There are 2 protein chains.
Amino acid sequence: MHRTHTCGELTLSNLGEQVILSGWVQKSRDLGGMTFVDVRDRYGITQLTFNSDDDESLRAQARELGREFVIKVAGTVIERSSKNPKIPTGEIEIKVSSLEILNKSKLPPFTIEDETDGGEDIRMKYRYLDLRRNSVRENLVLRHKMAQEIRKYLDSQDFLEVETPVLIKSTPEGARDFVVPSRMNPGEFYALPQSPQTFKQLLMVSGFDRYFQIVKCFRDEDLRADRQPEFTQIDCEMAFVEQEDILNTFEGLTKHLFKHVKEIDLGEVPRMTYADAMRLYGSDKPDTRFGMQFVELNDIVKGHGFPVFDNAELVVGINAKNSASYTRKQLDALTDYVKRPQIGATGLIYARVNEDGSVKSSVDKFYSEEQLQKWSEAFGAEKGDLLLIMAGTTEKVRKQLNELRLYVAQELGLRDKQKFSPLWVIDFPLLEWDEDSERYHAMHHPFTSPKPEDIALLDSKPGEVRANAYDLVINGVEIGGGSIRIHDRDLQSLMFKHLGFSPEEAQKQFGFLMEAFTYGAPPHGGLAFGFDRLVSIFAGLDSIRDVIAFPKNNSGRDVMIDSPSSIATAQLEELSLALDVKKKNSN
Amino acid sequence: MHRTHTCGELTLSNLGEQVILSGWVQKSRDLGGMTFVDVRDRYGITQLTFNSDDDESLRAQARELGREFVIKVAGTVIERSSKNPKIPTGEIEIKVSSLEILNKSKLPPFTIEDETDGGEDIRMKYRYLDLRRNSVRENLVLRHKMAQEIRKYLDSQDFLEVETPVLIKSTPEGARDFVVPSRMNPGEFYALPQSPQTFKQLLMVSGFDRYFQIVKCFRDEDLRADRQPEFTQIDCEMAFVEQEDILNTFEGLTKHLFKHVKEIDLGEVPRMTYADAMRLYGSDKPDTRFGMQFVELNDIVKGHGFPVFDNAELVVGINAKNSASYTRKQLDALTDYVKRPQIGATGLIYARVNEDGSVKSSVDKFYSEEQLQKWSEAFGAEKGDLLLIMAGTTEKVRKQLNELRLYVAQELGLRDKQKFSPLWVIDFPLLEWDEDSERYHAMHHPFTSPKPEDIALLDSKPGEVRANAYDLVINGVEIGGGSIRIHDRDLQSLMFKHLGFSPEEAQKQFGFLMEAFTYGAPPHGGLAFGFDRLVSIFAGLDSIRDVIAFPKNNSGRDVMIDSPSSIATAQLEELSLALDVKKKNSN
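- If you look chain A up in an unreviewed UniProt entry, it shows as Aspartate--tRNA ligase from Sphingobacterium hungaricum.
- Taken from UniProt, the Catalytic activity (unreviewed entry) comment for chain A reads in full: "tRNA(Asp) + L-aspartate + ATP = L-aspartyl-tRNA(Asp) + AMP + diphosphate".

Set out below in structure tokens:
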């Protein structure tokens, strides 16, 4: 037998018991005639004692133990003289009577402790050692717990988890599809799903009524900061529903998770239209943990001879509360920040509300004290506040001010990772203009239903058509989104036409779905949450990589197993393929 | 609002309520001035009534409804005059006050009823309609329920569900790997996992202690009768355990599932060694729903001048109880059965135990009545029994008799799908000889631990080395299996050597795992259950295809979405690949 107990469960109530423990050597130290060894497993740490007076050779053995050795010990639970109140086992120790080394360990390439000395690269190469660290493992325990709670909640709401295929159809639209050559069908390929979208819609046509799946999805694209080629979605769909039903159901899921995983009562999740989100935050995923909403100033700042404002389409600002004490240097840093090429602003205007109520701005020569007081009023500013104002074309300046708002909030410590502010953003536009291809693309996806009252605008003002589409945002991070779908064949054809598909293309790619719509498709809609992202928010982490057991790096490589890798020519031949790498390079 | 209730919940307790229902038209009929429409959803069927006396135009609308139209009705719950006790809603009907057609339906290509007129091909092409049939949907509801119960049980046993990567490393050994070209790493490929084997072992090295995952796996191979290129495993691993711990834990899971899903108390699961299974059933996955164990007859049949027996390595038979009345024609059919090329026997000897206790055999001229009585005794035969005997080389004749045993049991109605006989088969051989490659292969996989007492035989008698490996068999179907793993680097190297890997190959493919073993790998083991197979057993079905929402056909094709399919040349170029189909064909 390898153990009678884990390393996390023995307490004073076990005094005198004969026990067997197995685990890893966390550390050991000598003190007089004694050796103390901390043995660790997933469940905790227990202190072992070896005493020369009792058994000289056993103690000698113990002194040979290195860090991360795997050992099995038998012994008696005794009370500890110097107790450690920080851990559940801190009041006892094991007086060891026998010790067996189950496996030795080389010296690990970094320390296996909460705060490690290992850099990202080495920890990824030895991910199996990195995963031994409590802080890393706890993220995955959290992930497990969240998945369990999600399934519990959705099961209680009559959702059925249905597995949809991983080997699906490659489509010309699927520029970011991973493809999989088929040996049995030479020259043909499967694709890995970017989402189970069409399958879940077919399940609604099938009358499954409520579907969900926690499912891997795949996207072969340049991996920006925090993307992974394979990621996990909480994918859901409901029939006979309107947007309101879906928002309520998944608000329920969100609340359930916060309550049962983090013991937080979330309260009602506010809703905001896309238009309002852009106007008030310059973003479709506003961080609402703090205020600092945009204040539009055109009415009061224009016509006073300051050309930057007079020539701008929009003058808009934020109030950084209690920040009038920002030094010139700090203000210059903010200006430098918005002038960075990624943001691209030309400058930043500021105004301080002094202790005496007077306002001092960087453009005083254009504005009287009385006029500046109007600024202050517009912001609802108080003594000690700092007003930060930008000007430009509407869309651009909103984006720029959004960046500044987040940056300033970060500086002011307003982005508290222990605080959670969820928000539904609704009424997204159906289409967005793509400069590169010079045509409209579906903002969500081609199956999203336009709002019935906006369908008439499809021809005349496609950019103004709103969709029954919605996102859940928490702390400025898009957790997921969805839409009410089209369930009418003709409307779906019309959508494909507006998205630039020829009827033949539409038929070839999505003929099966459009045909399904002719056999009694119910009204339906759904959403998908990014599970990796949701877990990282719950864990208070910035990166999804920290909540994935074996993540890939920015080049899509798993450096631990060294993948991807070359394959044998014979294998390629079996797949009716040849490498053409040179051609690629010379392009 | 689309509905106040589902189509499965209204009863007499709702009498007089105003309700709204949505669903599909199952059928409709006219009777005098009335039209009755059955409306169906996932939850049930409710009868709607339309009366010309009340509203002539509404009834006219109702008469236009076709099968599978999607409708929404409002009305009042009233008591039914002719009640249907077979369904929960059978005592009420809805007197409809308004009717809305949410979507029309063309006439479906087959009838959407439990017994359909649609053949396999047409049902697969229109799988979304096939899934509307209760019998098909119920299989997937069962699957959902089983997955929930599996997770509940394993969670209660401290197992953590950890997602392992789908994009992993292709290995030269992985002849059946699906590969995935990487756009970011031209000329390199990922592979899809045939199982998460190495990752779950690494999680044990990481101290995760107890891991599970319900996970898609992939195998690119010729699809025999009941295989799928993508299939689902219940994948599990435990640290600090011996075989006994694993068998107990997963016997617990099996019992839990039978109890909570089928309300069956399974009792203790018997265990049998591989050697006994081969000796008593000629199979490592015996169907133990019925007896009919093999009886070896060498001692009593040899040396009586019957050359077939005298020259055979093994003479072995089964007792078909109460089957002495088999006609000559039936017996000839049995002989023909075992002579089929797939089975390849040269003949079948039989002996009847008559009502008077005398034994009449097909080889009477070689054996006296007294000698035949000894046969009867060996089988423990009673009046009316039929003894079926085969002869040949041990391994072959056992396999042949196994086929006959199953065939006869099928004929005798002994393979009852409502009966469940689980069995652990243990002590599998570590290695099996492969005729094609003329070397030993790992019977389970290369990470399986030999029994310590047999390691010494690795050089001298590799075929006799037993492994700490086990299978769970239910009703003659292998549900899953596993093993205690090697956790010692040197032993793992030795295994690779015996499996014909050069040290370089072993290092290239599994270096990361062997290195992990040098950093404190605990003793560990685990197993994987075939989830599709387990669900099909629970559902009393022969094929796993019936428990998969969107299965592929024998050519690995999804005929509904028409996948796999060709992809654009531009897409191939982006992947640094070229098709080489001609070369393949001319090989």
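Some words on the overall build of chain A
(1) Moving on: Of the regular secondary structure elements, chain A holds 18 helices and 24 strands.
(2) Moving on: On the principal axes, the C-alpha backbone points of chain A span a range of 90 × 75 × 55 Å.
(3) Moving on: Looking at chain A alone, contacts between residues at least 24 apart form 65% of all its contacts between residues at least 6 apart.
(4) Moving on: With an accessible surface of roughly 24200 Å², chain A has 47% of that area assigned to carbon and sulfur atoms.

Points about the state of the cysteines
(1) Moving on: In the structure shown here, the tally under the stated rule is 0 disulfides over all chains.
(2) Moving on: Of all cysteine sulfurs, the one in Cys236 of chain B lies closest to Cys217 of chain B, which takes part in no disulfide; the gap is 12 Å.

Section: the packing of helix α4 (residues 134-156) of chain B against helix α6 (residues 243-262) of chain B
All names here are of chain B.
(1) Moving on: Direction vectors running N to C along α4 and α6 enclose 135 degrees, while the axes themselves pass 10 Å from each other. Accordingly, the angle class assigned to the pair α4 and α6 is oblique. Every pair of crossing elements has a handedness; the one defined by α4 and α6 is right-handed. Contact residues: α4 offers Leu142, Lys145, Met146, Glu149, Ile150, Tyr153 and Leu154, while α6 offers Thr249, Phe250, Gly252, Leu253, His256, Leu257, His260 and Val261.

Considerations on the relation of the copies chain B and chain A
In this arrangement, two copies of a chain are superimposed by a rotation about an axis accompanied by a shift along the axis.
(1) Moving on: With an RMSD of 0.1 Å, the fit of chain B onto chain A corresponds to turning through 180 degrees and sliding 0.0 Å along the axis. Each copy turns onto its partner about a two-fold axis.
(2) Moving on: When the interface residues of chain B are mapped onto chain A, 100% of them are again interface residues, pointing to one common binding face.

Side note on the UniProt feature "binding site: L-aspartate" (unreviewed entry) in chain A
All names here are of chain A.
(1) Moving on: UniProt tags Glu173, Arg219, His444 and Arg485 as "binding site: L-aspartate" (unreviewed entry).
(2) Moving on: Turning to its location among the elements, His444 is positioned in the loop between β20 (439-442) and α13 (457-460).
(3) Moving on: Setting aside its immediate chain neighbours within four residues, His444 contacts Leu430, Gly481, Gly482, Ser483 and Arg485.
(4) Moving on: Residue position: Arg485 is located in the loop between β22 (477-484) and α14 (489-498).
(5) Moving on: We classify Arg485 as buried; its relative accessible area is 2%.
(6) Moving on: A polar atom in the side chain of Arg485 sits 2.8 Å from the side chain of Ser483.

Overview of the interface of chain B and chain A
(1) Moving on: Of the residues lining the interface, 126 residues belong to chain B; the matching set on chain A comes to 126 residues.
(2) Moving on: Interface area for chain B against chain A, summed over the two sides, is near 11400 Å², with a carbon-plus-sulfur share of 56%.
(3) Moving on: By the criterion of area lost to chain A, the three top residues of chain B are Glu163, Phe240 and Tyr519 of chain B, representing 7% of everything that side buries.
(4) Moving on: Our enumeration of links across chain B and chain A arrives at 12 salt bridges.
(5) Moving on: Among the ionic pairs, Asp220 of chain B bridges to Arg183 of chain A, the shortest N-O distance being 3.0 Å.
(6) Moving on: Inspection of the chain B/chain A interface yields 71 residue pairs in polar contact (both at pLDDT 80 or more).
(7) Moving on: Of the residues in the side of chain B that touches chain A, the class split is 64 nonpolar, 27 polar and 35 charged.
(8) Moving on: Note that strand β24 (residues 577-579) of chain A and strand β24 (residues 577-579) of chain B share 3 bridges and pair antiparallel.

Some details on helix α12 (residues 394-411) of chain B
All names here are of chain B.
(1) Moving on: Look at α12: 26 Å from first C-alpha to last across 18 residues, which is about the 26 Å you get at 1.5 Å a residue.
(2) Moving on: Within α12, burial applies to Val397, Arg398, Gln400, Leu401, Asn402, Leu404, Arg405, Leu406, Val408 and Ala409.
(3) Moving on: Phi turns positive, to about 70 degrees, at Gly413, one or two residues after α12.

Re the sheet that holds strand β9 (residues 189-191) of chain A
All names here are of chain A.
(1) Moving on: Taken in spatial order, the 3 strands make up an open sheet running β7-β9-β8, and their pairing is antiparallel. Whereas interior strands pair on both sides, the edge strands pair on one side only; in this sheet they are β7 (168-169) and β8 (179-181).
(2) Moving on: As paired elements, β8 and β9 share 3 bridges and run antiparallel to each other. Counted as the bridge partner of Val180 is Tyr190 from β9.

Description of the sheet that holds strand β14 (residues 314-320) of chain A
Residues and elements named next belong to chain A.
(1) Moving on: Strand order in this open sheet of 5 strands is β13-β14-β17-β15-β16, and the pairing throughout is antiparallel. Here the strands that pair on one side only, and so sit at the sheet edges, are β13 (295-296) and β16 (359-361).
(2) Moving on: One ladder, built from 7 bridges, connects β14 with strand β17 (residues 386-392); its direction is antiparallel. Bridge assignment links Val316 to a residue of β17, and that residue is Met390.

Points about the UniProt feature "binding site: ATP" (unreviewed entry) in chain A
Residues and elements named next belong to chain A.
(1) Moving on: The sites that carry the UniProt feature "binding site: ATP" (unreviewed entry) are, in the present numbering, Arg219, Asp220, Glu221, Gln228, Glu478, Gly530, Phe531, Asp532 and Arg533.
(2) Moving on: Within the secondary structure, Arg219 is located in the loop between β10 (210-218) and β11 (230-239).
(3) Moving on: Classification of Arg219 by relative accessible area gives buried; the value is 19%.
(4) Moving on: The residues contacting Arg219, other than those within four sequence positions of it, are Arg176, Phe178, Gln194, Arg227, Pro229 and Phe231.
(5) Moving on: Note that Arg533 resides in helix α16 (residues 531-539).

Here is what the cut-offs are and how they apply
Residues numbered from 1 in each chain as written. Chains lettered and ligands numbered in written order. Predicted model: local features only at pLDDT ≥ 70, side-chain atom pairs only at ≥ 80, totals over all residues. Heavy atoms only, no water. UniProt positions renumbered as here; feature names shortened; annotations may be inferred. Helix = DSSP H or I, 4+ residues; strand = E, 2+ residues; numbered from the N terminus. Contact = heavy atoms within 4.5 Å. Areas by Shrake-Rupley, 256 points an atom, 1.4 Å probe, with all protein chains shown as cover. Disulfide = S-S within 2.5 Å. Axes fitted to C-alpha atoms, helices over the stretch in contact; angles between N-to-C directions. Parallel < 35°, antiparallel > 145°, perpendicular 65-115°, else oblique. Left-handed = near helix turned anticlockwise from the far one by under 90°. Least-squares fit on C-alpha atoms with pLDDT ≥ 70 in both. Buried < 20%, exposed > 50% of the residue type's maximum accessible area, 1.4 Å probe, protein only. Polar contact = N/O pair within 3.5 Å; in protein donor to acceptor, adjacent residues only side chain to side chain. Buried area = accessible area lost by both parts, 1.4 Å probe. Salt bridge = Lys/Arg side-chain N within 4 Å of Asp/Glu carboxyl O. Nonpolar A, V, L, I, M, F, W, Y, C, P; charged D, E, K, R; others polar. Pairing = 2+ DSSP bridges. Expected span 1.5 Å × (residues − 1).

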